[in-house]
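Chain by chain, the residues run as shown.
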Amino acid sequence: MAIPLYQDLWNGKETLSETVALRCGEKQLTFGDFFQNILRAEAGLRSLGVGPGDLVTLITLNTPEAVIAFYAIDRIGAVANWVDTKLSPTEVEEYLIRAQSKVVLVLELAFAKVYQNRGQAPAEHFITLPLACYLPDALGEKLHLNTWQEAAGPGCMPWVSLLQTPQDTSPEKERWEEPVAITYTGGTTGPAKGVMLSRRAFRASLEQYTQAETEYGRGGENLDLLPLFSAFGLCQCVHVPLCLGLGVFLSPLFRPNQLGQALQQYHPTQVSGTTSYWQLLLQDAWAKTADLSFLKVPRFGGDTLPAELERRINAFLAQGGCSANLVKEYGMSEVAGIVCVSYGYGEIGDAGRPVPGCKIVAVDPTTGALCPPEVQGELIIQSGTQMSGYYGMPEANEQVLKPGPDGTIWVWTKDLGHTTADGRVVVTGRKKRMISRHGFKIFPSVIENCLLSDPGVSACAVVAGISPKGETLPVAHIVAAPGQDPVALEEDLRCLVKRDLNLFLHPGAYYFHDVLPLTERGKLDYRALEQQTNL
């Protein structure tokens, strides 16, 4: 049924008007006030000339105003173009010209940078979204917030001035296959690309998760730590929970090493994190005595998860009184986030099973032939959640949206893995991360699992390095557990891999770090590690 996202959000909420929908800092917003503010923001955007199909650019972090604006944009039939606040001054004009947005909503933290570098962009109205009110006063002063007016000029106004008395308007219903949001890829395998997601994709994601055998969405509150400019953050961590009646905690300035602090502060029933989030949590001193009895659905996604790390996380959860194992989720921006879930009882090392209405198979990367169970190939996905395409990059569509073995269009993930005879999906890693040594294909996860079996290793990542002789070798980057001597640990690890791994899998060098570098989305930054690798 072709309906706006707002309708899915509204359905069944008549009895939740006093229930908290959004929390941020010390402030909260009930579902009743949430819906009222959506209608007021819609009226304000319409008064500025926003109509169906127009792109409204949002340069913001995770705040209630950003979520309100998204649903107001949906009611109009416009498109929310989500952009990271960390874009460089030289990128500002490029992004705004590409979007041709007349209206830009920008967080006060980034206002001066955006407004002063708009150049020849056609933007006529700049709406400033508040941040200081969600932060401690000292932090707001440190970030020089509440000073955006000093850089303001014609066409600028604060968020509160946008909100107007709701008009008697009906939400636009015709734009079912057209984009309602443009989110951006993480850029881990190249430049960030704008992923166009339709109402159809959002609705399919909601239906798939509703039908999946998981505790996700059955009451409580979800802690959203992932950015709204990512498909997973917007669709899976905000839209789906809100539609199912959960409250959502928003954390605009979250850092991966603050997961323990956020759990202590909010006591959410559900939380999502990448490999790095969970690794850093295990290193947190609080973790040793943590009470996690409040946590019902601990979720993981966004990267490969070494089997040994999964065992450690499950042991940590059980020790803290959490009744569930880690719920593993697999997907990508191009399919609106998640299409595979372990339901909490998948086997160690897998990514679970495809959600209802989704198909995932492995194919030969060269011929496209279907791989039988247990045979590794490139994973491809077919789902109602798949993107409409990349914004302004039709040539890139052809690399991802391609015919599968049955001749229909599938999303080619560039992830390597296989299916099992009982329908589970195992993800080995990215094609770009595969290392070729003397004709042998090396999957870093195999080496990483071996290294993590030593309790002296808190975290590790394996990347390719080039020896002085021009030979490609795997290189191990290690975070040692507290109290471990790196020299002694390296000797232990060399003995371990000599005992457990084939010779061509032995790392050519070991580097030790206090922490591994992360991307802005909290994923391991493999490209940064490769740049630090010198043999």
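What comes next is a walk through the structure. (Residues numbered from 1 in each chain as written. Predicted model: local features only at pLDDT ≥ 70, side-chain atom pairs only at ≥ 80, totals over all residues. Heavy atoms only, no water.)

## Description of the sheet that holds strand 11 (residues 247-250)
Two orientations exist for strands paired in a sheet by backbone hydrogen bonds: parallel and antiparallel.
Link 1 in the chain: Ordered by their spatial adjacency, 9 strands build an open sheet running 2-1-11-10-12-13-14-15-16, and the pairing between neighbours is mixed. On the outer flanks of this sheet lie strand 2 (27-30) and strand 16 (353-354), each paired with one strand and no other.
Link 2 in the chain: Relative to the sheet, helix 2 (residues 31-47) contacts strand 1 (20-24) and strand 2, its axis offset from that of strand 2 by approximately 80 degrees. (Pairing = 2+ DSSP bridges. Helix = DSSP H or I, 4+ residues; strand = E, 2+ residues; numbered from the N terminus. Contact = heavy atoms within 4.5 Å. Axes fitted to C-alpha atoms, helices over the stretch in contact; angles between N-to-C directions.)

## Let's talk about the pairing of strand 8 (residues 179-184)
Regular strands place side chains that alternate from one sheet face to the opposite one.
Link 1 in the chain: With 6 of 6 residues buried, strand 8 lies mostly within the body of the structure.
Link 2 in the chain: Relative to strand 8, strand 4 (residues 79-83) is paired through 2 bridges, and the arrangement is parallel. If you follow Ala80 over to strand 8, its bridge partner there is Ala181.
Link 3 in the chain: Two elements, strand 8 and strand 9 (residues 194-198), share 5 bridges in a ladder whose sense is antiparallel. Residue pairing for strand 9: Tyr184 is matched across the bridge by Gly194. (Buried < 20%, exposed > 50% of the residue type's maximum accessible area, 1.4 Å probe, protein only.)

## Quick look at the sheet that holds strand 27 (residues 509-512)
Link 1 in the chain: Within the open sheet, the 3 strands sit side by side as 25-26-27. Their pairing is mixed. Only two strands of the sheet have a single partner each, and these edge strands are strand 25 (457-466) and strand 27. Looking at each pair of strands side by side, their axes are set apart by 25 degrees on average, direction ignored.
Link 2 in the chain: Of the strands in this sheet, strand 25, strand 26 (472-480) and strand 27 are in contact with helix 15 (residues 486-500), which crosses strand 27 at around 145 degrees.

## Section: the environment of Gly233
Link 1 in the chain: Following the sequence through the fold, Gly233 ends up in helix 9 (residues 231-243).
Link 2 in the chain: A sequence separation of 23 residues divides Gly233 from Thr210, and the C-alpha atoms of the two residues are 18 Å apart.
Link 3 in the chain: Those residues within four positions of Gly233 in sequence are excluded, and the remaining contacts are Asp224, Leu226, Pro227, Leu228 and Val238.

## Structural notes on the nonpolar core
Link 1 in the chain: Grouped together as the largest cluster of nonpolar side chains are 140 residues, with contacts concentrated most on Phe34, Trp82, Leu105, Trp159, Leu242 and Leu451.
Link 2 in the chain: Not counting residues up to four positions away in its chain, the partners in contact with Phe34 are Leu9, Ala21, Leu22, Leu29, Val67, Ile68, Tyr71 and Leu242.
Link 3 in the chain: Core analysis: the next-biggest nonpolar cluster, separate from the first, contains 25 residues, Val92, Tyr115, Ala151 and Tyr184 among them. (Core = buried A, V, L, I, M, F, W, Y, C linked by side-chain atoms within 4.5 Å.)

## Regarding unusual backbone geometry
Across the chain, the bulk of peptide bonds are trans and the bulk of non-glycine residues have phi less than zero.
Link 1 in the chain: A positive phi angle, near 65 degrees, is found at Asn146, a position not held by glycine.
Link 2 in the chain: Mapped onto the elements of the fold, Asn146 is located in the loop between helix 6 (137-142) and strand 7 (156-158).
Link 3 in the chain: Positive phi is not limited to glycine here, since Lys414 has a value of about 65 degrees.
Link 4 in the chain: Assignment of secondary structure puts Lys414 in strand 21 (residues 409-419).
Link 5 in the chain: In this structure Lys414 comes out as partly exposed when scored by relative accessible area, which is 30%.

## Focus on the pattern of salt bridges
Link 1 in the chain: Under the counting rule described, the total for this entry stands at 22 salt bridges.
Link 2 in the chain: Two residues, Arg75 and Glu42, come together in a salt bridge whose shortest N-O distance is 2.6 Å. Here Glu42 lies in helix 2 and Arg75 lies in helix 3 (residues 64-76), a separation of 33 residues in the sequence.
Link 3 in the chain: Judged by relative accessible area, which is 5%, Arg75 ranks as buried.
Link 4 in the chain: Within the structure, one salt-bridge network assembled from shared partners comprises Glu310, Lys328, Glu347, Asp350, Arg353, Asp422 and Arg424. (Salt bridge = Lys/Arg side-chain N within 4 Å of Asp/Glu carboxyl O.)

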